[in-house]
Amino acid sequence: MIRLQIGFTIALTIALFLILGQKAAIAGFSGGLIAVLGSTLYSLIAYSAGLAAAAELLRRHFAAEMAKLSLTLIAFAAFFMFYREVAWLWVFVGYLVAASAYWFGLLIKFDGKNKNV
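Rules used throughout
Residues numbered from 1 in each chain as written. Predicted model: local features only at pLDDT ≥ 70, side-chain atom pairs only at ≥ 80, totals over all residues. Heavy atoms only, no water. Phe/Tyr/Trp six-rings, centres within 6.5 Å; stacked < 30°, edge-to-face > 60°. Helix = DSSP H or I, 4+ residues; strand = E, 2+ residues; numbered from the N terminus. Lys NZ or Arg CZ within 6 Å of the ring centre and 35° of its normal. Axes fitted to C-alpha atoms, helices over the stretch in contact; angles between N-to-C directions. Parallel < 35°, antiparallel > 145°, perpendicular 65-115°, else oblique. Contact = heavy atoms within 4.5 Å. Nonpolar A, V, L, I, M, F, W, Y, C, P; charged D, E, K, R; others polar. Expected span 1.5 Å × (residues − 1). Buried < 20%, exposed > 50% of the residue type's maximum accessible area, 1.4 Å probe, protein only. Arc of directions from axis to C-beta. Salt bridge = Lys/Arg side-chain N within 4 Å of Asp/Glu carboxyl O.

(A) Quick look at the packing of aromatic side chains. A full pass over the atoms with the stated rule returns eight aromatic pairs. Consider the rings of Phe79 and Phe80, whose centres lie 5.9 Å apart with planes at 70°: the pair is edge-to-face. Arranged with centres 6.3 Å apart and planes meeting at 75°, the rings of Trp88 and Phe92 form a pair that is edge-to-face. Within this pair, Trp88 and its partner Phe92 are both found in helix α4 (residues 88-99), separated by four residues, close to a single helical turn. Here the aromatic cluster, defined as three or more aromatic residues joined through ring pairs, consists of Phe76, Phe79, Phe80, Tyr83, Trp88, Phe92 and Tyr95. Its end group placed over the ring of Tyr42, Lys68 keeps NZ or CZ at 5.9 Å from the ring centre.

Following this line, the structure appears as structure tokens:
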């Protein structure tokens, strides 16, 4: 999923650069980066236990989601505080495009045989 988010972010960044220029491309990339960092943190926390009891897995996923949400809010706040000239619309578009990878990931058929997906 994280690789798909990175791919979506790169595609959006290139498209924004070609269509709207550098400022929009940096903003879109930054939004996508916030989503990728949140997902990376989620996976590090949620999947660090390996095999565990259901209650432990649920606790880890809850903690991972709270950490991801906190990181996302802090990253957006810090970004807008320190980079005032940002094209804020493209930051949110970048975040939404990268976050949409979850939904597109559900559309990808995975039968367990292809380990490269």
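Moving on from the model shown.
(B) Region of interest: the packing of helix α1 (residues 2-19) against helix α2 (residues 22-46). One way to put it is that α1 packs onto α2 with a least axis distance of 8 Å and a crossing angle of 175°. Here α1 is positioned roughly antiparallel relative to α2, judged by the angle of their axes. Listed contacts from α2 to Ile2, Gln5, Ile6, Thr9, Leu12, Thr13, Leu16 and Phe17 of α1 are Gln22, Ala24, Ala25, Gly28, Phe29, Gly32, Leu33, Ala35, Val36, Ser39, Thr40 and Ser43. Here the contact of α1 with α2 is composed, by residue class, of eleven nonpolar, nine polar and no charged.

(C) Representation of α1 in the model. When the terminal C-alpha atoms of α1 are compared, their 26 Å separation across 18 residues agrees well with the 26 Å that a helix rising 1.5 Å per residue should span. Within α1 the residues assigned to the buried category are Gln5, Thr9, Leu12, Thr13 and Leu16. What you see down the axis of α1 is that its buried residues fit within an arc of 105°, all on one side. Across α1 from its buried face, at more than 90 degrees, point the exposed residues Arg3 and Leu18. Those residues of α1 that are buried lie in contact with α2, α4 and α5 (101-107). Backbone geometry just downstream of α1 places Gly21 in the positive-phi region, at approximately 105°.

(D) The environment of Ala67, seen in detail. Examined against the element boundaries, Ala67 turns out to sit in helix α3 (residues 54-82). Each C-alpha atom, one on Ala67 and one on Tyr83, is 23 Å from the other, the two residues being 16 residues apart in sequence.

(E) Expanded view of the pattern of salt bridges. One pass over the full model with this rule turns up two salt bridges. One continuous salt-bridge network, built from bridges that share partners, spans Glu56, Arg59 and Arg60.

Purely geometric numbers; function is a separate question.
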